[in-house]
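Summary of the model geometry
The lines below spell out each chain.
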Amino acid sequence: MSAVPLSTFETAEEPPVSLWRDAWFRLKRNRLALFGLAVVLVLALAAVFGPYLTPYDYLGQDLEARNAAPSLTHLFGADDLGRDVFSRVVYGTRTAFLVAVIVTLVAVLIGLTLGAVAGFFGDPFDRVIMWLTDVTMSVPNLLLVVVINASLKSPITNWMEARYLETLNPFYRQTVWVDFILVFGSMALIAWPPYARLVRAQVLSIRSRPYITAAQALGLSNWIVIKRYVIPNALGPLIVSVSAGLGTAMVLESAFSFLGVGVNPPTPSWGNMISDGLRVWQHYPHLLAAPAAVLGLASVAFSFLGDGLNDALNPRGSK
């Protein structure tokens, strides 16, 4: 009886599937999440390259086309100054993404740091940080932004005007950066508490696990344990929250610009475009419909993407 080759009974072992690869497989099966991802990618590309591809300058005026209806010449029509609405909406995408990404990044860094410290070290850090979180969340968002803008914008612009008169450097006339800095700072101050609470809850459930105890038994410092083992294992829910936070930041920036305490003209923002269109929407509805539709689409896309990421990264909780 001839011997059967050992290779006949050997089976090839399948390579292990990583967490992120498995999450991507689940995300691809969610059509709404893929739709949201596609819209977000298109908006991101428009924010980066759109201003170079638009048919008109966002500040260019054509007085003969004032309040023109949508056409092949002006896809979204023209406003009361003859500026192409499509070009301004595309440039407003850059404003929205710039504010949303920077505000969310700053808020996540603050929330991640404070939440990890509060959850890992406990009292007295936990008590102080959670008190600060509760105080920040108790202040109305709009009130805080209005106070910051009203108290800081005028002194900063006056200082820049004085520097310009002394040096004649045109940089000091670029007050648009004052709007962006104040918007970034004020929105980051109101956006970090939810991230801190989320990270704290994750750290509290992670710090008592065996691999954390083993790392501490090996003599690793607390900061190394937090950096190598605690924070990476808390990133899943944080990524989902960041996706939703980007959409929320876009809506907040538009709301603040709509009320006149955000990015001010002539810099295009969906919020100030909606504010301008609201005054004449009965006669020229396209001036309101175009920026409002894009803002609504962006908000829905981030919501779909956030739900899809939650299902992909937390399959047990989605059932």
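First things first, this report covers the structure right here in the doc. Since the model is a prediction, treat every value here as computed from it, not as a measurement.

When helices and strands are tallied, the chain shows 11 helices and 0 strands. Counting from the amino terminus, the chain carries its helices and strands in the arrangement α-α-α-α-α-α-α-α-α-α-α. For 319 residues, the compact-globule formula gives about 20 Å, and the C-alpha radius of gyration of the chain, at 25 Å, lies well above that figure. In terms of overall dimensions, the chain has C-alpha extents of about 95 × 60 × 40 Å along its principal axes. Counting over 319 residues, the chain shows a buried share of 39%. Within the chain, residue pairs in contact and separated by at least 24 positions form 71% of the contacts whose partners lie at least 6 positions apart. A total of about 18,100 Å² of accessible surface is found on the chain, and carbon and sulfur atoms cover 65% of it. Taking the 22 positively charged and 20 negatively charged side chains of the chain as two groups, their mean positions are separated by 8 Å.

Inspection of the entire model under this criterion finds 5 aromatic pairs. Between tyrosine 58 and tyrosine 91 the ring centres are 4.2 Å apart and the planes differ by 25°, which places this aromatic pair in the stacked class. Of this pair, tyrosine 58 sits in the loop between helix H2 (31-53) and helix H3 (85-121) while tyrosine 91 sits in helix H3; the two residues are 33 residues apart in sequence, bridging distant segments of the chain. Each member of the pair, tyrosine 58 as well as tyrosine 91, is classed as buried.

What follows concerns the pattern of salt bridges. Here the structure, examined in full by the defined rule, presents 6 salt bridges. In this structure, aspartate 79 engages arginine 83 in a salt bridge whose closest nitrogen and oxygen atoms are separated by 2.8 Å. For arginine 83, a relative accessible area of 11% gives the class buried. Between arginine 127 and aspartate 123 there is a salt bridge, with the nearest N and O atoms lying 3.4 Å from each other. For the pair shown, arginine 127 and aspartate 123 are each scored as exposed.

Let us look at helix H4 (residues 125-138). In this model, H4 (14 residues) spans 20 Å end to end at C-alpha, consistent with the 20 Å of a helix rising 1.5 Å per residue. Those residues of H4 lying buried are Asp126, Ile129, Met130, Thr133 and Thr136. Buried positions in H4, seen along its axis, are confined to an arc of 120° and lie on one side of it. Those residues of H4 that are exposed and aimed more than 90 degrees away from the buried face are Arg127, Val128, Trp131 and Ser138. For H4, the elements touching its buried residues are H3 and helix H6 (176-206).

A few words now on the layout of surface pockets. When its volume is computed, the second largest pocket comes out at roughly 290 Å³. Looking at the second largest pocket, it is lined by 16 residues, and the ones nearest its centre are Ile190, Ala191, Pro194, Thr248 and Leu252. Mapped onto the lining of the second largest pocket, the elements with two or more residues apiece are H3, H4, H6 and helix H9 (235-258). With 6 residues, H6 is the single largest residue contributor to the lining of the second largest pocket. Split by residue class, the lining of the second largest pocket holds 10 nonpolar, 6 polar and no charged.

Calculation rules
Residues numbered from 1 in each chain as written. Predicted model: local features only at pLDDT ≥ 70, side-chain atom pairs only at ≥ 80, totals over all residues. Heavy atoms only, no water. Helix = DSSP H or I, 4+ residues; strand = E, 2+ residues; numbered from the N terminus. Rg over C-alpha atoms; globule rule 2.2 N^0.38 Å. Buried < 20%, exposed > 50% of the residue type's maximum accessible area, 1.4 Å probe, protein only. Contact = heavy atoms within 4.5 Å. Areas by Shrake-Rupley, 256 points an atom, 1.4 Å probe, with all protein chains shown as cover. Lys, Arg positive; Asp, Glu negative; His and termini not counted. Charge placed at Lys NZ, Arg CZ, Asp CG, Glu CD. Phe/Tyr/Trp six-rings, centres within 6.5 Å; stacked < 30°, edge-to-face > 60°. Salt bridge = Lys/Arg side-chain N within 4 Å of Asp/Glu carboxyl O. Expected span 1.5 Å × (residues − 1). Arc of directions from axis to C-beta. 1 Å grid on protein atoms, 1.4 Å probe; cavity = no way out; pocket = protein on both sides within 12 Å on 5 of 7 lines; lining within 4 Å. Points joined across faces, edges and corners; volume = space filled by probe spheres on them. Nonpolar A, V, L, I, M, F, W, Y, C, P; charged D, E, K, R; others polar.

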